[in-house]
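Observations on the model geometry
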Amino acid sequence: MEAAFSELKSRLGKLTDLRRMEALLVWDMQVFMPPGGVPTRAAQLGTLEEIVHAHMVDDRFGELFEELEPYAASLAYDSDDASLIRVAQRDWERARRVPADLAVEFAKVAAESYEVWVTAREDSDFAPFRPWLERVVDLRRQYIECFAPYDDPYDVLLEDYEPGMRTSEIREIFAVLAPELQSLVAEQATEEEDPFLDGPFPIGAQEALSRELVEAMGATWDQFRLDPTVHPFEITFGLGDIRLTTRYSESELNSLFTAMHETGHGLYEWGVSKTLERTPLAAGVSATLHESQSRLWENVVGRSLPFWRWFYPRVQETFPGRLGDVSLEQFHRAVNRVRRSFVRVDADETSYGLHVILRFELEEELLSGRLAVADLPDAWNTRFEELMGIPVPNDAVGVLQDAHWSGGGFGYFPTYLLGTVLSIQIWERARAAIPGIDEQIERGEFGELHHWLRENIYSLGRKLTPAETIERVVGGPIDPQPYLAYLRDKFELFATV
Ligand code: ZN
(Lines give C-alpha, C1' and ligand atoms only; values in the text may rest on other atoms or scores of the structure.)
Protein backbone atom coordinates (compact mmCIF):
# COMPACT_ATOMS: atom_id res chain seq x y z
CA MET A 1 0.00 0.00 0.00
CA GLU A 2 2.66 2.45 1.09
CA ALA A 3 4.78 1.57 -1.93
CA ALA A 4 1.81 2.03 -4.26
CA PHE A 5 0.99 5.44 -2.80
CA SER A 6 4.56 6.67 -3.04
CA GLU A 7 4.75 5.44 -6.64
CA LEU A 8 1.50 7.29 -7.41
CA LYS A 9 2.86 10.47 -5.83
CA SER A 10 6.12 10.18 -7.70
CA ARG A 11 4.35 9.71 -11.04
CA LEU A 12 1.97 12.60 -10.36
CA GLY A 13 4.90 14.77 -9.27
CA LYS A 14 6.65 14.22 -12.58
CA LEU A 15 3.42 14.87 -14.46
CA THR A 16 3.01 18.14 -12.56
CA ASP A 17 6.62 19.07 -13.44
CA LEU A 18 5.93 18.41 -17.13
CA ARG A 19 2.70 20.44 -17.07
CA ARG A 20 4.52 23.36 -15.48
CA MET A 21 7.29 23.15 -18.08
CA GLU A 22 4.57 23.51 -20.71
CA ALA A 23 3.28 26.53 -18.80
CA LEU A 24 6.78 28.01 -18.76
CA LEU A 25 7.07 27.67 -22.54
CA VAL A 26 3.66 29.30 -23.00
CA TRP A 27 4.48 32.15 -20.61
CA ASP A 28 7.77 32.87 -22.35
CA MET A 29 6.07 32.69 -25.75
CA GLN A 30 3.51 35.31 -24.75
CA VAL A 31 5.75 37.59 -22.70
CA PHE A 32 9.31 37.56 -24.02
CA MET A 33 9.79 35.39 -27.12
CA PRO A 34 10.70 37.20 -30.35
CA PRO A 35 8.25 36.45 -33.20
CA GLY A 36 10.88 34.34 -34.95
CA GLY A 37 10.43 31.73 -32.22
CA VAL A 38 6.89 30.77 -33.24
CA PRO A 39 7.60 27.66 -35.34
CA THR A 40 10.23 26.12 -33.03
CA ARG A 41 8.16 26.87 -29.94
CA ALA A 42 5.12 25.23 -31.53
CA ALA A 43 7.24 22.13 -32.18
CA GLN A 44 8.53 22.13 -28.60
CA LEU A 45 5.02 22.41 -27.19
CA GLY A 46 3.84 19.59 -29.47
CA THR A 47 6.66 17.31 -28.35
CA LEU A 48 6.07 18.06 -24.70
CA GLU A 49 2.32 17.52 -25.09
CA GLU A 50 2.96 14.06 -26.55
CA ILE A 51 5.15 13.18 -23.56
CA VAL A 52 2.60 14.56 -21.09
CA HIS A 53 -0.24 12.67 -22.73
CA ALA A 54 1.69 9.39 -22.68
CA HIS A 55 2.43 9.84 -18.96
CA MET A 56 -1.16 10.81 -18.21
CA VAL A 57 -2.84 7.79 -19.78
CA ASP A 58 -0.30 5.19 -18.57
CA ASP A 59 -1.97 1.84 -17.75
CA ARG A 60 0.10 1.63 -14.59
CA PHE A 61 -2.14 4.27 -13.00
CA GLY A 62 -5.10 1.89 -13.30
CA GLU A 63 -3.26 -0.78 -11.30
CA LEU A 64 -2.23 1.74 -8.67
CA PHE A 65 -5.76 3.11 -8.26
CA GLU A 66 -7.09 -0.41 -7.80
CA GLU A 67 -4.45 -1.23 -5.23
CA LEU A 68 -5.09 2.01 -3.37
CA GLU A 69 -8.88 1.65 -3.18
CA PRO A 70 -8.96 0.27 0.39
CA TYR A 71 -6.48 2.94 1.54
CA ALA A 72 -8.59 5.74 0.06
CA ALA A 73 -11.74 4.26 1.61
CA SER A 74 -10.09 4.25 5.05
CA LEU A 75 -9.41 8.01 4.94
CA ALA A 76 -11.57 11.07 5.47
CA TYR A 77 -13.12 12.25 2.20
CA ASP A 78 -11.36 15.62 2.27
CA SER A 79 -7.98 14.35 3.49
CA ASP A 80 -5.03 15.18 1.21
CA ASP A 81 -4.36 11.55 0.28
CA ALA A 82 -7.98 10.48 -0.39
CA SER A 83 -8.54 13.64 -2.45
CA LEU A 84 -5.36 13.05 -4.44
CA ILE A 85 -6.32 9.49 -5.32
CA ARG A 86 -9.89 10.46 -6.23
CA VAL A 87 -9.03 13.49 -8.37
CA ALA A 88 -6.07 11.83 -10.10
CA GLN A 89 -8.26 8.87 -10.99
CA ARG A 90 -10.91 11.17 -12.45
CA ASP A 91 -8.27 13.05 -14.51
CA TRP A 92 -6.76 9.75 -15.70
CA GLU A 93 -10.09 8.24 -16.76
CA ARG A 94 -10.99 11.40 -18.63
CA ALA A 95 -7.65 11.63 -20.43
CA ARG A 96 -7.93 8.01 -21.56
CA ARG A 97 -11.21 8.67 -23.36
CA VAL A 98 -9.42 10.84 -25.94
CA PRO A 99 -7.19 9.13 -28.55
CA ALA A 100 -3.69 10.63 -28.70
CA ASP A 101 -3.90 11.44 -32.41
CA LEU A 102 -7.10 13.46 -31.88
CA ALA A 103 -5.49 15.42 -29.02
CA VAL A 104 -2.37 16.13 -31.09
CA GLU A 105 -4.33 17.13 -34.21
CA PHE A 106 -6.54 19.41 -32.16
CA ALA A 107 -3.53 21.14 -30.58
CA LYS A 108 -1.97 21.66 -34.02
CA VAL A 109 -5.12 22.98 -35.71
CA ALA A 110 -5.88 25.23 -32.74
CA ALA A 111 -2.41 26.81 -32.93
CA GLU A 112 -2.64 27.43 -36.69
CA SER A 113 -6.21 28.64 -36.45
CA TYR A 114 -5.11 31.17 -33.82
CA GLU A 115 -2.60 32.66 -36.29
CA VAL A 116 -5.32 32.96 -38.96
CA TRP A 117 -7.66 34.55 -36.44
CA VAL A 118 -5.08 37.23 -35.51
CA THR A 119 -4.94 38.41 -39.13
CA ALA A 120 -8.69 38.03 -39.69
CA ARG A 121 -9.38 40.26 -36.72
CA GLU A 122 -6.83 42.85 -37.86
CA ASP A 123 -8.53 42.93 -41.28
CA SER A 124 -12.02 42.62 -39.77
CA ASP A 125 -12.66 39.85 -42.31
CA PHE A 126 -14.38 36.65 -41.17
CA ALA A 127 -14.05 34.82 -44.52
CA PRO A 128 -10.46 33.50 -44.24
CA PHE A 129 -11.11 32.43 -40.63
CA ARG A 130 -14.31 30.54 -41.48
CA PRO A 131 -12.80 27.23 -42.76
CA TRP A 132 -10.48 27.12 -39.75
CA LEU A 133 -13.30 27.65 -37.31
CA GLU A 134 -15.24 24.91 -39.12
CA ARG A 135 -12.33 22.52 -38.54
CA VAL A 136 -12.02 23.53 -34.92
CA VAL A 137 -15.76 22.98 -34.34
CA ASP A 138 -15.58 19.63 -36.12
CA LEU A 139 -12.64 18.51 -33.95
CA ARG A 140 -14.49 19.61 -30.82
CA ARG A 141 -17.48 17.49 -31.93
CA GLN A 142 -15.17 14.50 -32.34
CA TYR A 143 -13.83 15.19 -28.86
CA ILE A 144 -17.38 15.30 -27.49
CA GLU A 145 -18.12 11.91 -29.07
CA CYS A 146 -15.26 10.40 -27.03
CA PHE A 147 -17.47 10.91 -23.97
CA ALA A 148 -20.68 9.39 -25.33
CA PRO A 149 -23.20 8.77 -23.93
CA TYR A 150 -23.84 12.29 -22.60
CA ASP A 151 -26.98 14.30 -21.87
CA ASP A 152 -25.90 17.46 -23.62
CA PRO A 153 -22.87 17.86 -25.94
CA TYR A 154 -22.00 21.16 -24.24
CA ASP A 155 -21.74 19.38 -20.87
CA VAL A 156 -18.67 17.54 -22.16
CA LEU A 157 -16.77 20.74 -22.93
CA LEU A 158 -17.90 22.40 -19.72
CA GLU A 159 -16.42 19.49 -17.78
CA ASP A 160 -12.89 20.63 -18.71
CA TYR A 161 -13.34 24.03 -17.06
CA GLU A 162 -16.13 23.48 -14.56
CA PRO A 163 -16.24 19.80 -13.56
CA GLY A 164 -19.72 18.68 -12.55
CA MET A 165 -21.52 21.76 -13.88
CA ARG A 166 -24.39 21.07 -16.28
CA THR A 167 -25.45 23.21 -19.23
CA SER A 168 -29.03 23.19 -17.93
CA GLU A 169 -27.91 24.86 -14.66
CA ILE A 170 -26.20 27.63 -16.59
CA ARG A 171 -29.26 28.11 -18.78
CA GLU A 172 -31.36 28.56 -15.64
CA ILE A 173 -29.00 31.09 -14.06
CA PHE A 174 -28.58 33.06 -17.29
CA ALA A 175 -32.35 33.07 -17.89
CA VAL A 176 -32.68 35.01 -14.61
CA LEU A 177 -29.75 37.32 -15.38
CA ALA A 178 -30.41 38.23 -19.02
CA PRO A 179 -33.64 40.27 -18.63
CA GLU A 180 -32.46 41.84 -15.35
CA LEU A 181 -29.12 42.92 -16.78
CA GLN A 182 -30.81 44.20 -19.93
CA SER A 183 -33.14 46.40 -17.92
CA LEU A 184 -30.29 47.60 -15.65
CA VAL A 185 -28.28 48.56 -18.74
CA ALA A 186 -31.32 50.29 -20.27
CA GLU A 187 -31.79 52.22 -17.02
CA GLN A 188 -28.18 53.07 -16.23
CA ALA A 189 -26.22 53.24 -19.48
CA THR A 190 -24.79 56.66 -20.16
CA GLU A 191 -22.92 58.39 -22.93
CA GLU A 192 -21.57 61.00 -20.57
CA GLU A 193 -17.81 61.22 -20.98
CA ASP A 194 -15.16 61.37 -18.28
CA PRO A 195 -12.33 62.98 -20.27
CA PHE A 196 -10.00 62.96 -17.25
CA LEU A 197 -9.75 59.16 -17.69
CA ASP A 198 -8.31 59.54 -21.20
CA GLY A 199 -4.79 60.25 -20.04
CA PRO A 200 -2.04 60.67 -20.89
CA PHE A 201 -0.86 58.54 -17.97
CA PRO A 202 2.87 57.77 -18.34
CA ILE A 203 3.44 54.02 -18.31
CA GLY A 204 6.25 54.00 -15.78
CA ALA A 205 3.97 55.62 -13.23
CA GLN A 206 1.17 53.14 -13.98
CA GLU A 207 3.58 50.29 -13.45
CA ALA A 208 4.63 51.68 -10.06
CA LEU A 209 0.97 51.98 -9.00
CA SER A 210 0.24 48.44 -10.21
CA ARG A 211 3.13 47.12 -8.14
CA GLU A 212 1.83 48.97 -5.09
CA LEU A 213 -1.53 47.25 -5.54
CA VAL A 214 -0.02 43.78 -5.97
CA GLU A 215 1.95 44.31 -2.75
CA ALA A 216 -1.00 45.74 -0.84
CA MET A 217 -3.03 42.64 -1.70
CA GLY A 218 -0.36 40.57 0.02
CA ALA A 219 1.80 39.17 -2.80
CA THR A 220 5.58 39.25 -2.26
CA TRP A 221 8.17 39.73 -4.99
CA ASP A 222 10.27 36.78 -3.89
CA GLN A 223 7.41 34.58 -5.17
CA PHE A 224 5.69 36.72 -7.80
CA ARG A 225 6.58 38.49 -11.05
CA LEU A 226 4.59 41.10 -12.96
CA ASP A 227 5.41 41.58 -16.66
CA PRO A 228 3.70 43.34 -19.56
CA THR A 229 2.04 41.35 -22.37
CA VAL A 230 -0.66 41.77 -25.03
CA HIS A 231 -3.45 39.67 -23.46
CA PRO A 232 -2.99 39.62 -19.67
CA PHE A 233 -3.12 36.31 -17.79
CA GLU A 234 -1.79 34.58 -14.67
CA ILE A 235 0.20 31.35 -14.75
CA THR A 236 1.76 29.20 -12.04
CA PHE A 237 5.06 27.30 -12.18
CA GLY A 238 5.02 26.40 -8.50
CA LEU A 239 3.23 27.43 -5.31
CA GLY A 240 6.19 29.74 -4.71
CA ASP A 241 6.49 30.94 -8.33
CA ILE A 242 3.47 32.90 -9.55
CA ARG A 243 3.64 34.91 -12.79
CA LEU A 244 1.26 37.81 -13.38
CA THR A 245 1.04 39.65 -16.66
CA THR A 246 -0.67 42.93 -17.45
CA ARG A 247 -0.85 45.64 -20.10
CA TYR A 248 -0.42 49.39 -20.05
CA SER A 249 -1.82 52.05 -22.31
CA GLU A 250 -1.05 55.76 -21.93
CA SER A 251 -4.66 56.63 -22.69
CA GLU A 252 -6.36 54.82 -19.81
CA LEU A 253 -5.95 53.55 -16.25
CA ASN A 254 -7.34 50.04 -16.85
CA SER A 255 -3.95 48.63 -15.88
CA LEU A 256 -4.86 49.19 -12.22
CA PHE A 257 -7.89 46.91 -12.55
CA THR A 258 -5.97 44.37 -14.62
CA ALA A 259 -3.28 44.21 -11.93
CA MET A 260 -5.89 43.52 -9.25
CA HIS A 261 -7.64 40.96 -11.46
CA GLU A 262 -4.52 38.94 -12.21
CA THR A 263 -3.29 39.24 -8.62
CA GLY A 264 -6.64 37.74 -7.55
CA HIS A 265 -5.88 34.70 -9.72
CA GLY A 266 -2.34 34.60 -8.38
CA LEU A 267 -3.31 34.79 -4.70
CA TYR A 268 -5.68 31.85 -5.24
CA GLU A 269 -2.95 29.57 -6.59
CA TRP A 270 -0.40 30.89 -4.12
CA GLY A 271 -2.72 30.06 -1.22
CA VAL A 272 -3.11 26.37 -2.07
CA SER A 273 -1.91 24.30 0.90
CA LYS A 274 1.82 23.61 0.57
CA THR A 275 1.11 19.95 1.44
CA LEU A 276 -0.40 19.65 -2.06
CA GLU A 277 2.70 20.94 -3.91
CA ARG A 278 3.81 18.93 -6.96
CA THR A 279 0.45 17.15 -7.18
CA PRO A 280 -2.45 17.78 -9.58
CA LEU A 281 -4.33 19.26 -6.60
CA ALA A 282 -1.95 22.27 -6.47
CA ALA A 283 -4.18 24.59 -8.50
CA GLY A 284 -7.50 26.44 -8.41
CA VAL A 285 -10.42 24.01 -8.64
CA SER A 286 -12.27 25.49 -11.62
CA ALA A 287 -12.52 28.45 -13.96
CA THR A 288 -15.57 29.79 -12.10
CA LEU A 289 -13.85 29.69 -8.70
CA HIS A 290 -10.78 31.29 -10.26
CA GLU A 291 -12.79 34.06 -11.83
CA SER A 292 -14.69 34.60 -8.58
CA GLN A 293 -11.35 35.53 -7.03
CA SER A 294 -10.04 37.78 -9.80
CA ARG A 295 -13.39 39.57 -9.93
CA LEU A 296 -13.70 39.87 -6.19
CA TRP A 297 -10.44 41.78 -6.03
CA GLU A 298 -10.87 43.71 -9.28
CA ASN A 299 -14.51 44.74 -8.91
CA VAL A 300 -16.01 44.11 -5.50
CA VAL A 301 -12.98 45.50 -3.68
CA GLY A 302 -11.33 47.46 -6.50
CA ARG A 303 -14.35 49.48 -7.64
CA SER A 304 -15.70 50.19 -4.17
CA LEU A 305 -15.77 53.58 -2.49
CA PRO A 306 -13.74 52.45 0.56
CA PHE A 307 -10.99 51.22 -1.75
CA TRP A 308 -10.76 54.50 -3.62
CA ARG A 309 -10.84 56.50 -0.39
CA TRP A 310 -7.53 54.79 0.26
CA PHE A 311 -5.98 54.65 -3.20
CA TYR A 312 -7.34 57.67 -5.05
CA PRO A 313 -5.02 60.13 -3.28
CA ARG A 314 -2.06 58.03 -4.51
CA VAL A 315 -3.37 58.04 -8.08
CA GLN A 316 -4.18 61.73 -7.88
CA GLU A 317 -0.72 62.73 -6.65
CA THR A 318 0.83 60.55 -9.37
CA PHE A 319 -1.10 62.29 -12.16
CA PRO A 320 -1.75 65.81 -10.80
CA GLY A 321 -2.11 67.29 -14.29
CA ARG A 322 -5.03 65.01 -15.20
CA LEU A 323 -6.66 64.34 -11.84
CA GLY A 324 -5.65 67.30 -9.64
CA ASP A 325 -9.11 68.84 -9.73
CA VAL A 326 -11.14 65.62 -10.06
CA SER A 327 -12.90 64.69 -6.82
CA LEU A 328 -12.92 61.22 -5.27
CA GLU A 329 -16.65 60.95 -6.01
CA GLN A 330 -16.19 61.90 -9.66
CA PHE A 331 -13.41 59.36 -10.07
CA HIS A 332 -15.27 56.56 -8.28
CA ARG A 333 -18.33 57.20 -10.43
CA ALA A 334 -16.25 57.25 -13.62
CA VAL A 335 -14.75 53.80 -12.96
CA ASN A 336 -18.26 52.44 -12.37
CA ARG A 337 -20.07 53.86 -15.41
CA VAL A 338 -22.44 51.57 -17.30
CA ARG A 339 -21.99 51.84 -21.05
CA ARG A 340 -23.31 49.96 -24.05
CA SER A 341 -20.12 48.72 -25.67
CA PHE A 342 -19.05 46.21 -28.29
CA VAL A 343 -15.97 44.69 -26.73
CA ARG A 344 -16.30 42.32 -23.78
CA VAL A 345 -12.92 43.02 -22.22
CA ASP A 346 -13.70 46.76 -22.05
CA ALA A 347 -17.20 46.24 -20.65
CA ASP A 348 -18.36 47.50 -17.24
CA GLU A 349 -19.52 45.20 -14.44
CA THR A 350 -23.19 45.30 -15.48
CA SER A 351 -23.15 44.98 -19.26
CA TYR A 352 -20.33 42.41 -19.06
CA GLY A 353 -22.81 39.65 -18.32
CA LEU A 354 -24.71 40.29 -21.56
CA HIS A 355 -21.50 39.79 -23.56
CA VAL A 356 -21.05 36.41 -21.89
CA ILE A 357 -24.66 35.30 -22.35
CA LEU A 358 -24.41 36.05 -26.09
CA ARG A 359 -21.34 33.81 -26.43
CA PHE A 360 -22.84 31.00 -24.36
CA GLU A 361 -25.98 30.91 -26.53
CA LEU A 362 -24.00 30.90 -29.78
CA GLU A 363 -21.59 28.22 -28.56
CA GLU A 364 -24.46 25.95 -27.60
CA GLU A 365 -26.03 26.38 -31.03
CA LEU A 366 -22.72 25.82 -32.85
CA LEU A 367 -21.82 22.66 -30.95
CA SER A 368 -25.30 21.16 -31.22
CA GLY A 369 -25.26 21.81 -34.98
CA ARG A 370 -28.25 24.16 -34.90
CA LEU A 371 -26.03 27.00 -36.14
CA ALA A 372 -23.54 26.72 -39.03
CA VAL A 373 -20.18 28.52 -38.77
CA ALA A 374 -21.06 30.34 -42.00
CA ASP A 375 -24.08 31.90 -40.29
CA LEU A 376 -22.22 32.82 -37.11
CA PRO A 377 -21.46 36.50 -37.91
CA ASP A 378 -25.11 37.22 -38.74
CA ALA A 379 -26.32 35.36 -35.67
CA TRP A 380 -23.84 37.34 -33.57
CA ASN A 381 -24.92 40.69 -34.93
CA THR A 382 -28.64 40.00 -34.58
CA ARG A 383 -28.44 38.66 -31.04
CA PHE A 384 -25.96 41.33 -29.92
CA GLU A 385 -28.32 44.09 -30.98
CA GLU A 386 -31.22 42.41 -29.18
CA LEU A 387 -29.22 42.13 -25.97
CA MET A 388 -27.27 45.39 -25.99
CA GLY A 389 -29.46 47.65 -28.08
CA ILE A 390 -26.74 48.85 -30.47
CA PRO A 391 -25.82 47.53 -33.96
CA VAL A 392 -22.39 45.92 -34.47
CA PRO A 393 -20.32 48.05 -36.91
CA ASN A 394 -17.83 45.35 -38.01
CA ASP A 395 -16.60 41.83 -37.23
CA ALA A 396 -13.40 43.04 -35.53
CA VAL A 397 -15.47 44.36 -32.62
CA GLY A 398 -18.08 41.65 -33.22
CA VAL A 399 -17.66 37.95 -33.81
CA LEU A 400 -13.85 38.17 -34.24
CA GLN A 401 -13.03 40.01 -31.01
CA ASP A 402 -12.09 37.07 -28.75
CA ALA A 403 -9.28 34.55 -29.19
CA HIS A 404 -11.14 31.73 -27.40
CA TRP A 405 -12.98 30.16 -30.34
CA SER A 406 -9.92 30.08 -32.59
CA GLY A 407 -8.29 27.75 -30.06
CA GLY A 408 -11.43 25.69 -29.56
CA GLY A 409 -12.05 27.10 -26.09
CA PHE A 410 -15.80 26.50 -26.16
CA GLY A 411 -17.33 26.20 -22.70
CA TYR A 412 -15.04 28.73 -21.05
CA PHE A 413 -17.05 31.95 -21.48
CA PRO A 414 -19.91 31.10 -19.09
CA THR A 415 -17.41 30.76 -16.24
CA TYR A 416 -16.61 34.49 -16.47
CA LEU A 417 -20.17 35.39 -15.55
CA LEU A 418 -20.66 32.52 -13.10
CA GLY A 419 -17.47 33.64 -11.34
CA THR A 420 -18.72 37.23 -11.19
CA VAL A 421 -22.01 36.06 -9.68
CA LEU A 422 -20.21 33.84 -7.18
CA SER A 423 -17.79 36.61 -6.19
CA ILE A 424 -20.69 38.47 -4.56
CA GLN A 425 -21.86 35.40 -2.61
CA ILE A 426 -18.31 34.90 -1.34
CA TRP A 427 -17.92 38.58 -0.53
CA GLU A 428 -21.10 38.49 1.60
CA ARG A 429 -19.67 35.60 3.62
CA ALA A 430 -16.33 37.32 4.06
CA ARG A 431 -18.04 40.53 5.12
CA ALA A 432 -20.11 38.72 7.73
CA ALA A 433 -16.97 37.04 9.08
CA ILE A 434 -14.75 40.15 9.19
CA PRO A 435 -16.12 43.02 11.25
CA GLY A 436 -14.85 46.39 10.07
CA ILE A 437 -13.79 45.15 6.64
CA ASP A 438 -14.79 48.44 4.97
CA GLU A 439 -12.66 50.42 7.42
CA GLN A 440 -9.73 48.08 6.79
CA ILE A 441 -10.03 48.54 3.02
CA GLU A 442 -10.23 52.30 3.54
CA ARG A 443 -6.83 52.06 5.22
CA GLY A 444 -5.42 49.85 2.44
CA GLU A 445 -5.33 46.82 4.75
CA PHE A 446 -6.31 43.62 2.97
CA GLY A 447 -4.63 41.10 5.27
CA GLU A 448 -7.75 39.82 7.02
CA LEU A 449 -9.69 39.43 3.78
CA HIS A 450 -6.76 37.66 2.15
CA HIS A 451 -6.40 35.38 5.18
CA TRP A 452 -10.13 34.51 5.20
CA LEU A 453 -10.13 33.66 1.49
CA ARG A 454 -6.99 31.58 1.92
CA GLU A 455 -8.46 29.61 4.83
CA ASN A 456 -11.85 29.06 3.23
CA ILE A 457 -11.07 28.65 -0.48
CA TYR A 458 -7.46 28.90 -1.62
CA SER A 459 -5.96 26.27 0.68
CA LEU A 460 -8.34 23.56 -0.63
CA GLY A 461 -6.85 23.59 -4.11
CA ARG A 462 -8.58 20.89 -6.17
CA LYS A 463 -9.37 18.62 -3.21
CA LEU A 464 -13.13 19.05 -3.41
CA THR A 465 -15.26 19.41 -6.54
CA PRO A 466 -16.23 22.96 -7.56
CA ALA A 467 -19.81 22.40 -6.31
CA GLU A 468 -18.53 21.04 -2.97
CA THR A 469 -16.11 23.97 -2.65
CA ILE A 470 -18.89 26.47 -3.34
CA GLU A 471 -21.29 24.72 -0.97
CA ARG A 472 -18.68 24.77 1.78
CA VAL A 473 -17.89 28.46 1.36
CA VAL A 474 -21.28 30.03 0.67
CA GLY A 475 -23.66 27.35 1.98
CA GLY A 476 -25.48 26.69 -1.30
CA PRO A 477 -25.24 26.69 -5.08
CA ILE A 478 -24.50 29.64 -7.36
CA ASP A 479 -27.31 32.18 -6.97
CA PRO A 480 -27.74 35.24 -9.23
CA GLN A 481 -29.83 37.25 -6.75
CA PRO A 482 -27.05 38.62 -4.48
CA TYR A 483 -25.20 39.81 -7.59
CA LEU A 484 -28.27 41.65 -8.91
CA ALA A 485 -28.86 43.18 -5.47
CA TYR A 486 -25.20 44.29 -5.36
CA LEU A 487 -25.54 46.08 -8.70
CA ARG A 488 -28.80 47.78 -7.64
CA ASP A 489 -27.22 48.93 -4.35
CA LYS A 490 -24.34 50.46 -6.24
CA PHE A 491 -26.65 52.41 -8.56
CA GLU A 492 -28.63 53.60 -5.56
CA LEU A 493 -25.41 54.94 -4.06
CA PHE A 494 -24.78 57.00 -7.21
CA ALA A 495 -28.40 58.16 -7.38
CA THR A 496 -28.06 59.73 -3.92
CA VAL A 497 -24.72 61.44 -4.59
ZN1 ZN B 1 -9.55 36.18 -15.14
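Residues numbered from 1 in each chain as written. Predicted model: local features only at pLDDT ≥ 70, side-chain atom pairs only at ≥ 80, totals over all residues. Heavy atoms only, no water.

**Thoughts on the overall build of the protein**
Looking only at helices and strands, the protein features 21 helices and three strands. The C-alpha radius of gyration computed for the protein amounts to 23 Å, which stays within 12% of the reference 23 Å derived for 497 residues, consistent with globular compactness. Viewed in the frame of its principal axes, the protein has a C-alpha envelope of about 70 × 55 × 45 Å. Of all intrachain contacts in the protein linking residues separated by at least 6 positions in sequence, the fraction that spans at least 24 positions is 74%. Carbon and sulfur atoms provide 52% of the accessible area of the protein, an area that totals close to 21,100 Å². Positive and negative side-chain charges of the protein, numbering 48 and 85 respectively, have mean locations separated by a distance of 2 Å. (Helix = DSSP H or I, 4+ residues; strand = E, 2+ residues; numbered from the N terminus. Rg over C-alpha atoms; globule rule 2.2 N^0.38 Å. Contact = heavy atoms within 4.5 Å. Areas by Shrake-Rupley, 256 points an atom, 1.4 Å probe, with all protein chains shown as cover. Lys, Arg positive; Asp, Glu negative; His and termini not counted. Charge placed at Lys NZ, Arg CZ, Asp CG, Glu CD.)

**Looking at the domain arrangement of the protein**
Interface size is often expressed as the accessible area that is lost when the parts come together. Partitioning the protein into structural domains gives domain 1 (2-149) and domain 2 (167-496). Of note, the centres of domain 1 and domain 2, computed from C-alpha atoms alone, are 26 Å apart. Between domain 1 and domain 2, the residue contacts involve 42 residues of the former and 47 residues of the latter. When the two sides are added together, the surface that domain 1 and domain 2 hide from each other amounts to roughly 3,800 Å², 61% of it contributed by carbon and sulfur. At the boundary of domain 1 and domain 2, one finds five salt bridges. With a closest N to O distance of 2.9 Å, Arg20 and Glu277 form a salt bridge. Across the contact surface, domain 1 and domain 2 share 19 residue pairs in polar contact (both at pLDDT 80 or more). (Domains from an automatic or database assignment. Buried area = accessible area lost by both parts, 1.4 Å probe. Salt bridge = Lys/Arg side-chain N within 4 Å of Asp/Glu carboxyl O. Polar contact = N/O pair within 3.5 Å; in protein donor to acceptor, adjacent residues only side chain to side chain.)

**Here we look at the environment of Leu177**
Inspection of the secondary structure assignment puts Leu177 in helix α8 (residues 167-188). Sequence-wise, Leu177 and Gln481 are 304 residues apart; in three dimensions their C-alpha atoms are separated by 8.6 Å. With near-sequence residues (within four places) excluded, Leu177 lies in contact with Ile357, Leu417, Val421, Pro480, Tyr483 and Leu484.

**Thoughts on the pattern of salt bridges**
Close approach of charged atoms allows side chains with opposite charge to pair. One pass over the full model with this rule turns up 38 salt bridges. Where Arg94 meets Asp160, a salt bridge forms, and the shortest distance between an N and an O atom there is 3.0 Å. Taken together, the residues span a long stretch of sequence, with Arg94 in helix α4 (residues 80-96) and Asp160 in helix α7 (residues 153-161) at a distance of 66 residues. A relative accessible area of 36% means that Asp160 is categorised as partly exposed. A salt bridge links Asp194 to Arg339; the nearest nitrogen and oxygen atoms lie 3.1 Å apart. In this pair, Asp194 sits in the loop between α8 and α9 (203-216) while Arg339 sits in the loop between α14 (328-334) and α15 (352-368), placing the two residues 145 residues apart along the sequence. (Buried < 20%, exposed > 50% of the residue type's maximum accessible area, 1.4 Å probe, protein only.)

**With respect to the packing of α15 against helix α17 (residues 413-433)**
Contact pair α15 / α17: the axes reach a minimum separation of 8 Å and the direction vectors enclose 145 degrees. Like other packed secondary-structure pairs, α15 and α17 cross with a definite hand, here left-handed. Contacts from Tyr352, Gly353, Val356, Ile357, Arg359, Phe360 and Glu363 of α15 reach α17 at Phe413, Pro414, Tyr416 and Leu417. Tallied by class, the residues present in the contact of α15 with α17 amount to eight nonpolar, one polar and two charged. (Axes fitted to C-alpha atoms, helices over the stretch in contact; angles between N-to-C directions. Left-handed = near helix turned anticlockwise from the far one by under 90°. Nonpolar A, V, L, I, M, F, W, Y, C, P; charged D, E, K, R; others polar.)

**Section: helix α5 (residues 100-123)**
Its 24 residues give α5 an end-to-end C-alpha distance of 35 Å, which sits within 8% of 34 Å, the value for a rise of 1.5 Å per residue. Among the residues making up α5, those that are buried are Leu102, Phe106, Val109, Ala110, Ser113, Trp117 and Ala120. Looking at the buried positions of α5, the neighbouring elements they touch are α6 (130-145). Downstream of α5 by a residue or two, Ser124 has a phi angle that is positive, lying close to 50 degrees. (Expected span 1.5 Å × (residues − 1).)

**Here's the deal with the sheet that holds strand β1 (residues 224-228)**
Pairing in this open sheet of three strands is mixed, and the strands run β1-β3-β2 from one edge to the other. At either margin of the open sheet sits one strand with a lone partner, and together these are β1 and β2 (234-238). For this sheet, the mean angle separating the axes of adjacent strands, direction not counted, is 20 degrees. Strand direction decides the pairing type here: β1 and strand β3 (residues 241-246), joined by five bridges, are parallel. Looking at the pairing, Phe224 lines up with Ile242 of β3. Docked against the sheet, helix α1 (residues 2-31) engages β1, β2 and β3, running at close to 140 degrees with respect to β2. (Pairing = 2+ DSSP bridges.)

**Regarding the packing of α15 against helix α16 (residues 376-388)**
Interaxial distance between α15 and α16 falls to 10 Å at its minimum, and their mutual angle equals 145 degrees. Once α15 is placed against α16, the crossing between them reads as right-handed. On α16, the residues touching Leu354, His355, Leu358, Arg359, Glu361, Leu362 and Leu366 of α15 are Leu376, Ala379, Trp380, Arg383, Phe384, Leu387 and Met388. Its residues assigned to classes, the contact of α15 with α16 shows 10 nonpolar, one polar and three charged.

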